[in-house]
Amino acid sequence: MEFEHVSVLLHECIDNLNIKPDGIYVDGTAGGGGHSYHIAERLTTGRLIAIDQDETAIAAATKRLEPFADRVTLVRSNFSNIENVCRDLGIEKIDGVLMDLGVSSYQLDTPERGFSYNADAPLDMRMDNRNPLTARRVVNEYSEAELRRVIFDFGEEKFGAKIAANIVKARTQAPIE
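The notes below deal with the structure included here. From a predicted model like this one, the values you see are computed outputs, not experimental measurements.

Right, let's get into the nonpolar core. With 16 residues, the main nonpolar core has Ile19, Tyr25, Ile39, Leu43, Leu48, Leu65 and Val72 as its most contacted residues. Broken down by secondary-structure element, the contributors of at least two residues to this core are helix 1 (10–17), helix 2 (34–40) and strand 2 (47–52). In terms of residue count, helix 1 provides more of this core than any other element does, three residues in total. With residues near it in sequence (within four places) discarded, Leu43 still touches Ile19, Lys20, Pro21, Gly23, Tyr25, Leu48 and Arg71. Counting eight residues, the second largest nonpolar core, distinct from the first, contains Val26, Ile49, Ile51 and Cys86.

Turning our eyes to something else, we now look at the environment of Gln53. Mapped onto the elements of the fold, Gln53 is located in the loop between strand 2 and helix 3 (55–64). Distance from Gln53 to Ser77, taken between C-alpha atoms, is 4.5 Å for residues 24 residues apart in sequence. When neighbours within four sequence positions are excluded, Gln53 is seen to be in contact with Arg76, Ser77, Asn78, Met127, Asp128 and Arg130.

Below, the discussion takes up the pairing of strand 3 (residues 72–76). With five bridges joining them, strand 2 and strand 3 adopt parallel strand pairing. Its bridge partner being in strand 3, Asp52 is matched across the sheet by Arg76. For the crossover from strand 2 across helix 3 to strand 3, the handedness is right-handed.

Applying the stated criterion across every chain yields a total of one aromatic pair. Note on Tyr37 and Phe68: the rings are 4.9 Å apart at their centroids and 75 degrees apart in plane angle, and the pair reads as edge-to-face. Residue Tyr37 is found in helix 2, and its partner Phe68 is found in the loop between helix 3 and strand 3; the two are separated by 31 residues along the sequence. Residue Phe68 is classed as buried on the basis of its relative accessible area, which comes to 8%. The cationic tip of Arg64 hangs over the ring face of Tyr37; the distance from NZ or CZ to the ring centre is 5.6 Å.

What counts as what
- Residues numbered from 1 in each chain as written.
- Predicted model: local features only at pLDDT ≥ 70, side-chain atom pairs only at ≥ 80, totals over all residues.
- Heavy atoms only, no water.
- Core = buried A, V, L, I, M, F, W, Y, C linked by side-chain atoms within 4.5 Å.
- Buried < 20%, exposed > 50% of the residue type's maximum accessible area, 1.4 Å probe, protein only.
- Helix = DSSP H or I, 4+ residues; strand = E, 2+ residues; numbered from the N terminus.
- Contact = heavy atoms within 4.5 Å.
- Pairing = 2+ DSSP bridges.
- Right-handed = clockwise from strand over helix to strand, strands pointing away.
- Phe/Tyr/Trp six-rings, centres within 6.5 Å; stacked < 30°, edge-to-face > 60°.
- Lys NZ or Arg CZ within 6 Å of the ring centre and 35° of its normal.

Here it is, written out as structure tokens:
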């Protein structure tokens, strides 16, 4: 699926990285490669490690970053693994890191990913489809206490207990799809 994407705060991010042409940079959330492209085009002998856990994002970034293949390494992983990724690539020091955290517009705009607010689609919500835990499984299998904790801790929702109770009640009638 082709889509037009505008990178968030592109110029501010790139300007504040103070990119050195021979530096080593990590884009921990490469997505479609928007920020990565502008980092890579400023490198000469430097290197960019572009990381994303979403296989669709890796495919899009690979295509977009093709003109800079000599200075870009794409890695399918979670940004939390930056240290291991760099170690595996023999990198001991980096000059800058960029992370555009959150759900991407592509994920929101692709109904089958299960993030959409506008489409009736299966509950998935996985950033990495290798992960077996889907949103459908969470809402249908987690205990009320587990749901309450997830909603409160990760959603910072003060009505987490009430929401969890209503989810448990609703799923007694039929699975939540």
